Amino acid sequence: MAGFFKSPSFDDAVLGRLERSRGLWRGTLAVGGVERAPLALFGSNREPDAAALATARQIAPSFNAWRPTIEQALFDHYTPYAEAASEEEASAPSAAMPAIERPHQVWAHVSLQSVAVTKLSGVVTTELVYVAAWDDDHMLGARFQSGNFVELCGSVLPV
């Protein structure tokens, strides 16, 4: 009887053990220098979706190719915050804004919170969720579909 309430699990040769919880398949993924980022995949109650699994297996090998696009998107997000902070400091000094002059410098000021493979408008989508030092109010989701960058969403939730 105790096994009746146990969450189902699924073992994948690449992703390892995934457990069904809160409507998604959950595990961890080593990506972008983060050893154990939380990972969530869509699927049925019995197993992760085949397309979600295939997509998730490609995240770590694809990350180095995605990295310049992600850092540019994060830098583009940072720029208006830095400009606003610079204008505020002219009138009244405030909390220090990180000094980022080039896109590749964003990595010292962001941290990967989670990775998800979901469906957005019916399309399998990978989302890497970051917290940025310059934006206390939002988590930022770098979204990819079919390996191509779609957007940096400025207000997402970790998985």
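Predicted, not measured: the structure shown is a model, and the values here were computed from it.

Moving on, we come to unusual backbone geometry. Even without a glycine there, the phi angle at R22 is positive, about 50 degrees. Assignment of secondary structure puts R22 in the loop between β2 (16–21) and β3 (24–31). Even without a glycine there, the phi angle at S121 is positive, about 50 degrees. By relative accessible area, which is 80% here, S121 ends up exposed.

Across the sheet, eight strands lie side by side as β1-β2-β3-β4-β5-β6-β7-β8; this open sheet has mixed pairing. Two strands bound the open sheet, and with one partner strand each, they are β1 (9–12) and β8 (148–153). Put simply, the sheet's adjacent strands are angled 25 degrees from each other on average, direction ignored. With seven bridges joining them, strand β6 (residues 123–132) and strand β7 (residues 135–145) adopt antiparallel strand pairing. The partner of Y130 across the bridge, within β7, is L140.

Under the defined criterion, the tally for this structure stands at seven aromatic pairs. Residues W66 and F144 carry aromatic rings whose centres are separated by 4.0 Å and whose planes lie at 10 degrees to one another, so their mutual orientation is stacked. In this pair, W66 is assigned in helix α2 (residues 59–91) and F144 in strand β7, connecting sequence segments 78 residues apart. The exposure class of W66 is buried, given its relative accessible area of 7%. The structure contains a cluster of three or more aromatic residues connected by ring pairs, namely F63, W107 and Y130.

What follows is about the environment of V110. Tracing the backbone shows V110 in strand β5 (residues 110–120). A C-alpha to C-alpha distance of 9.9 Å links V110 and V129, two positions 19 residues apart in sequence. In this structure V110 touches L74, Y130, V131, A132 and W134, once residues within four positions along its chain are discounted.

The rules behind the values
- Residues numbered from 1 in each chain as written.
- Predicted model: local features only at pLDDT ≥ 70, side-chain atom pairs only at ≥ 80, totals over all residues.
- Heavy atoms only, no water.
- Helix = DSSP H or I, 4+ residues; strand = E, 2+ residues; numbered from the N terminus.
- Buried < 20%, exposed > 50% of the residue type's maximum accessible area, 1.4 Å probe, protein only.
- Pairing = 2+ DSSP bridges.
- Axes fitted to C-alpha atoms, helices over the stretch in contact; angles between N-to-C directions.
- Phe/Tyr/Trp six-rings, centres within 6.5 Å; stacked < 30°, edge-to-face > 60°.
- Contact = heavy atoms within 4.5 Å.

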